[in-house]
Amino acid sequence: MTASVRAGALPRASAQAPANIAFIKYWGTRDSEATLPYNPSISMTLSHCVSRCTIERLGGGPGEVLFRPPGSVLAPAAPGFAEGVRRHLSALASWAGVEGPFRVATENTFPTGAGIASSASGFAALAAAFCGLVDRQVTPRELSVLARASGSGSAARSAFGGYVEWPEGEGKEEGYAVCLAAEGHWEIHDLVAVVDDSPKGVSSRQGHEAALSSPYFQPRLELLAERLAVVRRAIERRSLADLGPVIEEEAIDLHLIAMSSRPAIFYWRPATLAVLAAVRDLRAEGTAVWATIDAGPNVHLICESAEVERVAAAVGSMPEVSRLIRDRVGAGPCPLEEHLI
Ligand code: DP6
């Protein structure tokens, strides 16, 4: 990735990075300064749900963070979001030995902050665009470390395409994800049943902190060695029958821990339960589909190509579902020639 320089203008660079959906969840931070998890997590990189980012180095002034919601225009980002971008930028700038100010513009192809890993894709895109701006060629592993420096752990997984594992990591530098299998290995679909696309009220960061107070936190950790082994093997053998039950258990356990944390955190809505019931009904009729849910109310329906239309027809027509996002396994980050600003 290299920065493009317009005549008389300052350098800028753009990149795109994917969101991901976790099969084995990261829930609970062992080291919040270095953003290291209590347990390894495994995800699938998405193809349609992506973030795009342009970063420009300014000659002076205060710097700027802009955001474009789907179907709208670029505008100053919300204060919390802008603050997260500034923090990540300052970590990236000190890594590269450069100084700002910078102007950053980002957009997502999907609802922001509603449990579809928008910070994972957003920060991975910011890190990738930044590397382009400062002309640094990085490997996906290095990009994974740089994306994690944002404080969003799941961003470490968005540095790769396909099926990705983020181990617990020992120290700051070991905290990177690895690719278990490329996107061409197995075509899995993720139909996201959106029941509420407003940003969640409680951040994942708060959830990670509260998780340890749940009486179910430790028991889940004890189940994880077996679950991780099942998921790795299911990916290797392309077996949805093996993968499905484990990812549903993981999603339920994440929310069990959240609901039993002090303070208790409820991400689910009644519509979330309605979609989970529809998934069980579909399975009872012989359709191989399983559900997973991140820190939000929306349900990710995981299935193979042969089942997509049946699942989409059954769940997409539910009155509780405002929109169905059709996604599938996808590639990792890439540079963009077209800039947002
Ligand atoms: C439930 O701290 O990475 O999605 O900063 O909101 O992206 P954001 O969250 P992060 O925690 C992710 C929590 C999770 C599970 C997962 O993706 O592993």
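Note that the structure is a prediction, hence the values are computed from the model and not measured.

**Student:** Could you give me a rundown of the domain arrangement of the protein chain, with the residues and numbers involved?
**Tutor:** Partitioning the protein chain into domains gives domain 1 (12-185) and domain 2 (189-328). A C-alpha centroid distance of 23 Å is found between domain 1 and domain 2. Between domain 1 and domain 2, the residue contacts involve 33 residues of the former and 48 residues of the latter. Taken together, the two surfaces of domain 1 and domain 2 that pack against each other cover about 3300 Å², and 66% of this comes from carbon and sulfur. Sorting the residues of domain 1 by area buried against domain 2 places Phe-23, Lys-25 and Trp-27 first, and these three jointly supply 27% of that buried surface. Seen at the junction of domain 1 and domain 2, the total is two salt bridges. Among the ionic pairs, Arg-232 bridges to Glu-165, the shortest N-O distance being 2.8 Å. The tally of links from domain 1 across to domain 2 stands at 14 residue pairs in polar contact (both at pLDDT 80 or more). Of all the secondary-structure elements, those providing two or more residues to the side of domain 1 that touches domain 2 are strand E1 (12-24), strand E4 (41-57), strand E8 (163-166) and strand E9 (178-181). Of all the elements, E4 adds the most residues to the side of domain 1 that touches domain 2, at seven residues.

**Student:** So what about the site of the ligand? Which residues, and what values?
**Tutor:** Neighbouring residues of the ligand: 16 residues in total, closest Tyr-26, Ser-119, Ser-154, Arg-157 and His-208. Ser-119 places a side-chain nitrogen or oxygen 2.5 Å from an oxygen atom of the ligand. Protein contact buries 90% of the 450 Å² of open area that the ligand shows by itself. Broken down by secondary-structure element, the contributors of at least two residues to the shell around the ligand are helix H2 (118-133) and helix H4 (204-211). The class makeup of the residues in the shell around the ligand is six nonpolar, six polar and four charged. Domain assignment of the residues forming the shell around the ligand places at least three in each of domain 1 (12-185) and domain 2 (189-328).

**Student:** I'd like to hear about the state of the cysteines, residue by residue, with values.
**Tutor:** Disulfide: a covalent bond formed between the sulfur atoms of two cysteine residues. Under the criterion given, the structure shown has zero disulfides. This cysteine, Cys-49, is not joined by any disulfide, and Cys-303 carries the nearest cysteine sulfur, 15 Å off. Under the relative-accessibility criterion, Cys-49 is labelled buried at 0%. Given the relative accessible area of 0%, Cys-303 is considered buried.

**Student:** Mind laying out the side chain of Thr-106, listing which residues take part and the relevant values?
**Tutor:** Structurally, Thr-106 can be placed in strand E7 (residues 102-108). Under the relative-accessibility criterion, Thr-106 is labelled buried at 5%. In this structure, Thr-106 is in contact with Arg-52, Cys-53, Leu-66, Phe-67, Arg-68, Leu-74, Phe-81 and Leu-340, ignoring residues within four places of it in sequence.

**Student:** Talk me through the pairing of E8; I want residue IDs and the actual numbers.
**Tutor:** Neither face of E8 is exposed, since Tyr-163 and Glu-165 on one face and Val-164 and Trp-166 on the opposite face are all buried. When E4 meets E8, the two strands line up antiparallel, connected through four bridges. In the strand pairing of E8, Met-44 is matched with Tyr-163. Where E8 and E9 come together, three bridges link them in antiparallel fashion. Bridge assignment links Val-164 to a residue of E9, and that residue is Cys-179.

**Student:** I'd like a rundown of the packing of aromatic side chains, residues and numbers included.
**Tutor:** A full pass over the atoms with the stated rule returns six aromatic pairs. Taken together, a centroid distance of 6.3 Å and an interplanar angle of 75 degrees make the contact between Trp-27 and Tyr-267 edge-to-face. Residue Trp-27 is found in the loop between E1 and strand E2 (29-31), and its partner Tyr-267 is found in the loop between helix H6 (240-259) and helix H7 (270-284); the two are separated by 240 residues along the sequence.

**Student:** Summarise the nonpolar core; cite the residues concerned and give the values.
**Tutor:** One finds Phe-23, Ile-55, Leu-126, Phe-130, Tyr-163 and Leu-243 to be the most contacted residues of the largest nonpolar core, which totals 82 residues. Ranked by residue count, the leading element in this core is H2, at 11 residues. Both domain 1 (12-185) and domain 2 (189-328) contribute no fewer than three residues apiece to this core. Residues contacting Phe-130, with those up to four places away along its chain left out, are Ile-55, Leu-89, Leu-92, Ala-93, Trp-95, Ala-96, Val-98 and Phe-102. Core analysis: the second largest hydrophobic core is formed by 22 residues, Leu-191, Val-289, Ile-293 and Met-318 among them.

**Student:** How would you explain the sheet that holds strand E10 (residues 188-194) if you had to name every residue and give the values?
**Tutor:** Strand order in the open sheet made by the four strands is E11-E12-E10-E13, with antiparallel pairing throughout. At either end of the open sheet lies a strand with only one pairing partner, and these are strand E11 (289-292) and strand E13 (323-328). Taking the axes of each pair of neighbouring strands and ignoring which way they run, one obtains an average angle of 25 degrees across the sheet. The pairing of E10 with strand E12 (residues 299-304) spans six bridges and is antiparallel. Note that in E12 the partner of Leu-191 across the bridge is Leu-301.

**Student:** Can you break down helix H3 (residues 140-148) residue by residue, with the values?
**Tutor:** At 3.6 residues per turn, the α-helix brings residues three or four places apart onto the same side. Looking at H3, one finds that the buried residues are Leu-143, Ser-144, Val-145, Leu-146, Ala-147 and Arg-148. Tucked inside the fold, the buried residues of H3 contact strand E3 (36-37), helix H1 (79-96), H2 and E8.

**Student:** Explain H2 to me, using residue names and the numbers behind them.
**Tutor:** Its 16 residues give H2 an end-to-end C-alpha distance of 22 Å, which sits within 8% of 22 Å, the value for a rise of 1.5 Å per residue. Across the 16 residues of H2, 15 count as buried, placing the element largely inside the fold. Backbone geometry just downstream of H2 places Asp-135 in the positive-phi region, at approximately 55 degrees.

Calculation rules
Residues numbered from 1 in each chain as written. Predicted model: local features only at pLDDT ≥ 70, side-chain atom pairs only at ≥ 80, totals over all residues. Heavy atoms only, no water. Domains from an automatic or database assignment. Contact = heavy atoms within 4.5 Å. Buried area = accessible area lost by both parts, 1.4 Å probe. Salt bridge = Lys/Arg side-chain N within 4 Å of Asp/Glu carboxyl O. Polar contact = N/O pair within 3.5 Å; in protein donor to acceptor, adjacent residues only side chain to side chain. Helix = DSSP H or I, 4+ residues; strand = E, 2+ residues; numbered from the N terminus. Near = heavy atom within 4 Å. Areas by Shrake-Rupley, 256 points an atom, 1.4 Å probe, with all protein chains shown as cover. Nonpolar A, V, L, I, M, F, W, Y, C, P; charged D, E, K, R; others polar. Disulfide = S-S within 2.5 Å. Buried < 20%, exposed > 50% of the residue type's maximum accessible area, 1.4 Å probe, protein only. Pairing = 2+ DSSP bridges. Phe/Tyr/Trp six-rings, centres within 6.5 Å; stacked < 30°, edge-to-face > 60°. Core = buried A, V, L, I, M, F, W, Y, C linked by side-chain atoms within 4.5 Å. Axes fitted to C-alpha atoms, helices over the stretch in contact; angles between N-to-C directions. Expected span 1.5 Å × (residues − 1).

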